[in-house]
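Read off the chains here:
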Amino acid sequence: MRTLFAIAFLGLLGTFQIQAQGVVQGTSSMNGGGDLRFGAKMSLMLTDLVGDGVIDNSVAPGFQFGGAAEIPITDDIFFAPEMLFSFQGANGIDVDLFYLNFPLVGKYYITDKIAAEFGPQFGILLSDNIDNIFLDSNTLDLGITFGGGYYLMDMLYLQSRFNFGFTKVIENVKSYNATFQVGAIYYF
């Protein structure tokens, strides 16, 4: 578990190092003007487990942090992969989950500052507090994410998203991740 965490952290640092060496330089408009960009992301989340098998729970606060990129496809469409460490779960039933999430979204810029986002998200469960001999957590979380964002400044992108999981969080129980996120990406 610690080895996986260390490898992911070093990969994130390597991403920032590549950008810092000036491999690609931005040139024009607010959304990068068609240039590859890298950034750091931080979000606050409201998280929950939903499904027929989940009773007596409520929304829990969470947060995530990590790295993000914008890769141009056309002037208005970008591929925007992210690597995020996410703390989520549910209150009431007291489930805490720690994921390494990979949202692989497409961004469509409606204007130079406003974008719509949509795409799949893959998550790897790094740890949880489910210690019941009759219940086991699923190590892979697949879902769909959608939302949008706004460039407040050239390097600061404000973002809001919803994410809904398709895979059961707890094996043999209809329990799926659901999150609402509000955050920001600072592009270097």
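Quantities reported herein were computed from a predicted structural model and do not represent experimental measurements.

Caption draft 1: Highlighting the side chain of Glu82. Counting through the fold element by element, Glu82 comes out in strand E3 (residues 77-90). One polar contact links Glu82 to Lys41, side chain to side chain, over a distance of 2.9 Å. Beyond its immediate chain neighbours, meaning those up to four positions away, Glu82 contacts Lys41, Gly67, Ala68, Asn101, Phe102, Pro103, Gln159, Arg161 and Ile185.

Caption draft 2: Molecular detail of the nonpolar core. In this structure, Leu49, Val54, Ala90, Val95, Leu97, Tyr99, Leu125, Ile130, Val169, Ile170 and Val173 together form the largest nonpolar core, which totals 11 residues. In terms of residues, this core owes the most to one element, strand E4 (residues 95-109), which gives three residues. Sequence-distant contacts of Leu49, that is, excluding residues within four places in its chain, are made with Val54, Asn57, Gly89, Ala90, Ile93, Val95, Leu97, Val169, Ile170, Tyr176 and Asn177. In this structure, Tyr109, Ala115, Tyr157 and Tyr187 belong to the second largest nonpolar core, which totals eight residues.

Caption draft 3: Inspection of the packing of aromatic side chains at higher detail. A full pass over the atoms with the stated rule returns 13 aromatic pairs. With a centroid separation of 6.1 Å and 35° between ring planes, the pair formed by Tyr151 and Tyr187 is classed as tilted. Residue Tyr151 is found in strand E6 (residues 140-151), and its partner Tyr187 is found in strand E8 (residues 176-187); the two are separated by 36 residues along the sequence. Tyr187 matches Tyr151 in its accessibility class, with the two residues each being buried. Here the aromatic rings of Tyr186 and Phe188 are separated by 5.9 Å at their centres, their planes lie at 80°, and the arrangement is edge-to-face. Looking at Tyr186, the relative accessible area reads 41%, which means it is partly exposed.

Caption draft 4: Region of the structure containing the sheet that holds strand E1 (residues 37-50). As summarised here, the arrangement of the eight strands in space is E1-E2-E3-E4-E5-E6-E7-E8, forming a closed barrel in which the pairing is antiparallel. Between one strand and the next, the sheet's axes are offset by a mean angle of 25°, whatever the strand orientation. When strand E2 (residues 60-72) meets E3, the two strands line up antiparallel, connected through eight bridges. Looking at E3, one finds that Ile71 is bridged to Phe79.

Caption draft 5: Structural view of the pairing of E4. With 12 bridges connecting them, E3 and E4 associate as antiparallel partners. Bridged to Ser86 within E4 is Tyr99. If you look at the hairpin formed by E3 and E4, you'll find four residues sitting between the two strands, and Gly92 has a positive phi there, around 85°. By the bridge criterion, 11 bridges tie E4 to strand E5 (residues 114-128) in an arrangement that is antiparallel. By the bridge assignment for E5, Gly106 is matched with Phe118. In this antiparallel pair of consecutive strands, E4 and E5, the connection spans four residues.

Caption draft 6: How the structure looks around the side chain of Asn138. By the element assignment, Asn138 lies in the loop between E5 and E6. A polar contact of 3.3 Å, which involves the side chain of Asn138, links it to the backbone nitrogen of Leu140. When sequence neighbours within four positions are dropped, the list of residues in contact with Asn138 reads Leu125, Thr167, Lys168, Val169 and Glu171.

Conventions and cut-offs
Residues numbered from 1 in each chain as written. Predicted model: local features only at pLDDT ≥ 70, side-chain atom pairs only at ≥ 80, totals over all residues. Heavy atoms only, no water. Helix = DSSP H or I, 4+ residues; strand = E, 2+ residues; numbered from the N terminus. Polar contact = N/O pair within 3.5 Å; in protein donor to acceptor, adjacent residues only side chain to side chain. Contact = heavy atoms within 4.5 Å. Core = buried A, V, L, I, M, F, W, Y, C linked by side-chain atoms within 4.5 Å. Buried < 20%, exposed > 50% of the residue type's maximum accessible area, 1.4 Å probe, protein only. Phe/Tyr/Trp six-rings, centres within 6.5 Å; stacked < 30°, edge-to-face > 60°. Pairing = 2+ DSSP bridges. Axes fitted to C-alpha atoms, helices over the stretch in contact; angles between N-to-C directions.

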